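Structure at a glance
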Amino acid sequence: MLRRRTMSIISLLVLVVLVFVGCTGQAPQTETPQTNEPQGEAKLEGTVTVVGSTSVQPLAQNIADAFESVEPGIKVDIQGVGSSAGVKAANEGTANIGTASRELKTEEEEWGLTKHVIARDGIAVVVHPSNTVSDLSQDTITKIFKGEIKNWKEVGGADEDIIVISREAGSGTRGAFEEIMKLLEKNAEGKKVSVVREDAIFADGNGAVKANVAKKETAIGYVSLGYLDDSIKALKVDGVDATVENIKSEKYPVARPFLMLTKGEVDAHVQAYLDFIMSDDGQAIVAEKFISVK
């Protein structure tokens, strides 16, 4: 009898404990570590060195400014020293990216560089705004730069000697202009050399050409399309205006590519800059003054 009463008391106590645990107890939980660190890819950091064409320089800088606002950990350092120097810098690895405002020469094509065509540009043939001449043929422009035509009256202008303004050696704009306008001829050694008149003024950079033409009423020169403003006047070439629309339609004959050049594999921060240039945002900046490739 006593044994039964003891078992009943034990059973009752067990039941009470189970009810209490069922009402107030909680199953153990595994805690998930908390972190305040943002999820996603690590931010890129580094410096992108870009060396080369003075024509590409302002465009590359405008795109770099927008890119750095998206990737604040990356700084883009841009130097305008000429296309030939830019191609050499890319080949020798002294810059992450070399830039050129002309096609690569035959020997440069053999260096194994990767070409990124980021834009297209026209080369405007320019005179002082007071000049009454407004339209010249390619052949006539070539003769002026060679020195076969030396007075504006020979092409319908005033009786004034023509001052020819060209670019420095190694300039991509000069190389493209002379190639297109047939101002390169083979010498006795079989190498192509410039036949621009020897008394021409050779200016360093598009800005210097523009400044010379703006100050000299009888001057003629050439600049990248992006440098046009009211201080100089762009001539029609073979009756065609130097405009983006005419370059896109291939009506305007004096045009060339803008190249960025790399060699071998590039670092992630360098590739990020190249990718941004070819993105919709990057090409929108290109289209403000030049010709988008998209």
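These figures come from a predicted structure and were not determined experimentally. (Residues numbered from 1 in each chain as written. Predicted model: local features only at pLDDT ≥ 70, side-chain atom pairs only at ≥ 80, totals over all residues. Heavy atoms only, no water.)

**Re the overall build of the protein**
This is how the line gets drawn: Runs of E in the DSSP output that reach at least two residues are strands. Runs of H or I that reach at least four are helices, and both are numbered from the N terminus. Per-residue and other accessible areas were derived by the Shrake-Rupley procedure at a 1.4 Å probe size, with only the shown protein chains allowed to occlude residues.
From N to C terminus, the protein includes 10 helices and 13 strands. For the protein, the computed accessible surface area is about 16400 Å², with 50% contributed by carbon and sulfur atoms.

**Some points on helix α5 (residues 138-146)**
Using the following cut-off: Here the term buried applies to any residue with accessible area under 20% of the maximum for its type, exposed to any over 50%, and partly exposed to those in between, with areas from a 1.4 Å probe on protein chains only.
Among the residues of α5, T140, I141, T142, I144 and F145 are the ones counted as buried. G147 lies just past α5 and shows a positive phi near 95°.

**Quick word on the side chain of N151**
Selection criterion: In protein, a polar contact requires one atom able to donate a hydrogen and another able to accept it; more generally it is a pair of N or O atoms within 3.5 Å, and residues adjacent in sequence count only if both atoms are side-chain atoms. We call two residues in contact whenever any of their non-hydrogen atoms come within 4.5 Å of each other.
By the secondary structure assignment, N151 is in the loop between α5 and β6 (163-167). Using a relative accessible area of 10% as the deciding quantity, one classes N151 as buried. A polar atom in the side chain of N151 sits 2.9 Å from the backbone nitrogen of K153. Those residues in contact with N151 that sit more than four places away from it in its chain are A158, D159, E160, D161 and I162.

**Digging into the packing of helix α2 (residues 57-70) against helix α9 (residues 268-278)**
Test applied: Helix axes are fitted only over the stretch in contact, all axes being lines through C-alpha atoms; the angle between N-to-C directions runs from 0 to 180 degrees. Just so you know how the angles are binned, under 35 degrees is roughly parallel, over 145 roughly antiparallel, 65 to 115 roughly perpendicular, and the rest oblique. With the far helix as reference, a near helix turned anticlockwise by less than a right angle produces a left-handed crossing, and one turned clockwise produces a right-handed crossing. Charged residues are taken to be Asp, Glu, Lys and Arg, nonpolar residues to be Ala, Val, Leu, Ile, Met, Phe, Trp, Tyr, Cys and Pro, and polar residues to be all remaining types, Gly included.
At a closest axis distance of 10 Å, the pairing of α2 and α9 adopts a crossing angle of 115°. For the element pair α2 / α9, the angle class is roughly perpendicular. As α2 packs across α9, the resulting crossing turns out to be right-handed. Across from A60, I63, A64, A66, F67 and V70 in α2, the residues of α9 making contact are H269, A272, Y273, F276 and I277. Of the residues contributing to the contact of α2 with α9, the split by class is 10 nonpolar, one polar and no charged.

**Section: the environment of D121**
Among the structural elements, D121 can be located in strand β4 (residues 114-127). When the C-alpha positions of D121 and V244 are compared, they lie 8.0 Å apart, and in sequence the two are 123 residues distant. Here the side chain of D121 touches L225 through a polar contact of 3.3 Å, landing on its backbone nitrogen.

**Structural notes on the pairing of strand β1 (residues 46-52)**
Stated precisely, the cut-off is as follows: We treat two strands as partners when DSSP finds at least two bridges between them. By the criterion used throughout, a crossover qualifies as right-handed when its path from the first strand across the helix to the second strand runs clockwise, the strands pointing away from the viewer.
Two elements, β1 and strand β2 (residues 74-80), share seven bridges in a ladder whose sense is parallel. Within the sheet, the bridge partner assigned to V48 lies in β2 and is V76. In this view, the connection linking β1 to its parallel neighbour β2 by way of α2 has right-handed handedness. Direction of pairing for β1 relative to strand β3 (residues 97-100): parallel, over a ladder of three bridges. Following the sheet pairing, V51 is matched in β3 by G98.

**Some words on the packing of aromatic side chains**
The criterion, for reference: Aromatic contacts are taken between Phe, Tyr and Trp rings whose centres are within 6.5 Å, Trp giving its six-membered ring; a plane angle under 30 degrees counts as stacked, one over 60 as edge-to-face, and the others as tilted.
This model, assessed by the stated rule, comprises six aromatic pairs. Centroid distance F67 to F276: 5.6 Å. Interplanar angle 55°. Geometry classified as tilted. Linking F67 in helix α2 with F276 in helix α9, this pair joins segments that are 209 residues apart in sequence. Under the relative-accessibility criterion, F67 is labelled buried at 2%. Residue class for F276 comes out buried when judged on its relative accessible area of 12%. Ring centres of F177 and Y222 lie 4.0 Å apart, and the angle between their planes is 10°; on these two criteria the pair is classed as stacked. Within this pair, whereas F177 is found in helix α6 (residues 172-180), its partner Y222 is found in strand β10 (residues 219-224), the two being separated by 45 residues in sequence. Just as F177 is buried, Y222 falls in that class too.

**Here's the deal with the confidence of the model for the protein**
Note the threshold: Per residue, pLDDT measures the predictor's confidence, with a range of 0 to 100.
Looking at the protein, pLDDT values average 88 and 86% of them are 70 or higher. Confidence over residues 12-21 falls short of pLDDT 50; this stretch has one contact with residues more than four positions distant or in other chains. Note that pLDDT drops below 50 for residues 23-38; the model gives that stretch one contact with residues more than four away or on any other chain.

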